[in-house]
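Analysis of the macromolecular model
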Amino acid sequence: MSNQQPPPPPPATRGLNWKHWTAIIVVLALCCGGVFLMNTNFSNPTDTIRDHYTRAANLDEGGGKAYTSSASPATVADQIDDDAEAREERSSGGTYYLQYSKHIVAVSPYNGGSKILLHDYRSGYNHYSSVFILWGWSSSPPSPFRGGGPGSGK
């Protein structure tokens, strides 16, 4: 019987082991998730309007889909803005306009309540351009990011 020690294990190869692959996959998943979240528009009024107000196809105009509510235009505009925060909210002549990155919503008086017109951005801009030009709203949809720094915000 000899007292020989078993040979030492071979040196680690320079290839990637399971720990390296796991780290790579985690980093890629985090990067892809970040890109997805940055490009996702969480301020979309479509579902809010569709779920809370009555569709009135006979009132459609200018490419916008019409909905109605028994509440005042100010109340409806605030409710929509609370559920899907608008980039800007303005009013003119009793009508409230909500600007989103992909939509424009107009809430106006109708039969003691409100008429809500949901437009894609371009059709809404074209329909109300005479009002929006005074406010400086662009004919192109705004960037989904507000920016930042001193003096920025709503």
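Structure shown above.
Let us look at the structure shown here. Predicted model only: the values in this text are computed from it and were never measured.

Some points on the pairing of strand S6 (residues 113-120)
- Here S6 lies mainly inside the structure; seven of its eight residues are buried.
- Two elements, strand S2 (residues 65-69) and S6, share five bridges in a ladder whose sense is antiparallel. Looking at the pairing, threonine 68 lines up with lysine 115 of S6.
- Taken together, the eight bridges between strand S5 (residues 103-110) and S6 define a ladder with antiparallel strand orientation. In the sheet register, alanine 106 faces S6, and the bridge partner there is leucine 117.
- The antiparallel pairing of S5 with S6 creates a hairpin that spans two residues between the two strands, and asparagine 111 there sits at a positive phi of about 50°.

Structural notes on the side chain of threonine 46
- Inspection of the secondary structure puts threonine 46 in helix H2 (residues 46-52).
- Side chain to side chain, threonine 46 and asparagine 44 meet in a polar contact 2.8 Å long.
- Residue contacts for threonine 46: discarding those within four places in its chain leaves His103 and Leu118.

A closer look at a nonpolar patch on the surface
- On the surface, Leu16, Trp21, Ile24, Ile25 and Leu28 cluster together into a nonpolar patch covering about 500 Å² of accessible area.
- As for its placement among the helices and strands, leucine 16 is situated in the segment before helix H1 (18-39).
- Relative accessible area serves as the criterion here: at 48%, leucine 16 is assigned to the partly exposed category.

What about the nonpolar core?
- If you look at the biggest cluster of nonpolar residues, it comprises 14 residues, and the most contacted ones within it are Ile49, Tyr53, Ile80, Tyr100, Val105, Val107 and Ile116.
- Put simply, the parts of the chain that give this core at least two residues each are helix H3 (73-83), S5 and S6.
- Ranked by residues supplied to this core, first place goes to H3 with three residues.
- Residue contacts for isoleucine 49: discarding those within four places in its chain leaves Tyr67, Ile80, Val105, Ile116 and Leu118.

Overview of the sheet that holds strand S3 (residues 88-92)
- Ordered in space as S1-S2-S6-S5-S4-S3, the six strands form an open sheet in which the pairing is antiparallel. The open sheet is flanked by strand S1 (54-55) and S3, the only strands paired with a single partner.
- Sitting on the sheet, H3 touches S2, S3, strand S4 (95-99), S5 and S6, and the angle it makes with S5 is about 155°.

What about unusual backbone geometry?
- With a phi close to 50°, asparagine 111 is a non-glycine residue in the positive phi region.
- In this fold, asparagine 111 is placed in the loop between S5 and S6.
- Judged by its relative accessible area of 71%, asparagine 111 falls in the exposed class.

A short note on the pattern of salt bridges
- For the structure shown, the criterion picks out four salt bridges.
- Of the charged contacts in the structure, one is a salt bridge between aspartate 47 and arginine 50, with a shortest N-O distance of 3.5 Å. Of this pair, aspartate 47 and arginine 50 both sit in helix H2, three residues apart, which is roughly one turn of that helix.
- The class for aspartate 47 is partly exposed, based on a relative accessible area of 47%.
- For aspartate 60, the salt bridge goes to arginine 55, with nearest N and O atoms at 2.7 Å.
- Judged by relative accessible area, which is 36%, arginine 55 ranks as partly exposed.

Cut-offs applied
Residues numbered from 1 in each chain as written. Predicted model: local features only at pLDDT ≥ 70, side-chain atom pairs only at ≥ 80, totals over all residues. Heavy atoms only, no water. Buried < 20%, exposed > 50% of the residue type's maximum accessible area, 1.4 Å probe, protein only. Helix = DSSP H or I, 4+ residues; strand = E, 2+ residues; numbered from the N terminus. Pairing = 2+ DSSP bridges. Polar contact = N/O pair within 3.5 Å; in protein donor to acceptor, adjacent residues only side chain to side chain. Contact = heavy atoms within 4.5 Å. Patch = residues over 30% accessible without salt bridge, like charges linked within 9 Å, V, L, I, M, F, W, Y side chains within 5 Å. Areas by Shrake-Rupley, 256 points an atom, 1.4 Å probe, with all protein chains shown as cover. Salt bridge = Lys/Arg side-chain N within 4 Å of Asp/Glu carboxyl O. Core = buried A, V, L, I, M, F, W, Y, C linked by side-chain atoms within 4.5 Å. Axes fitted to C-alpha atoms, helices over the stretch in contact; angles between N-to-C directions.

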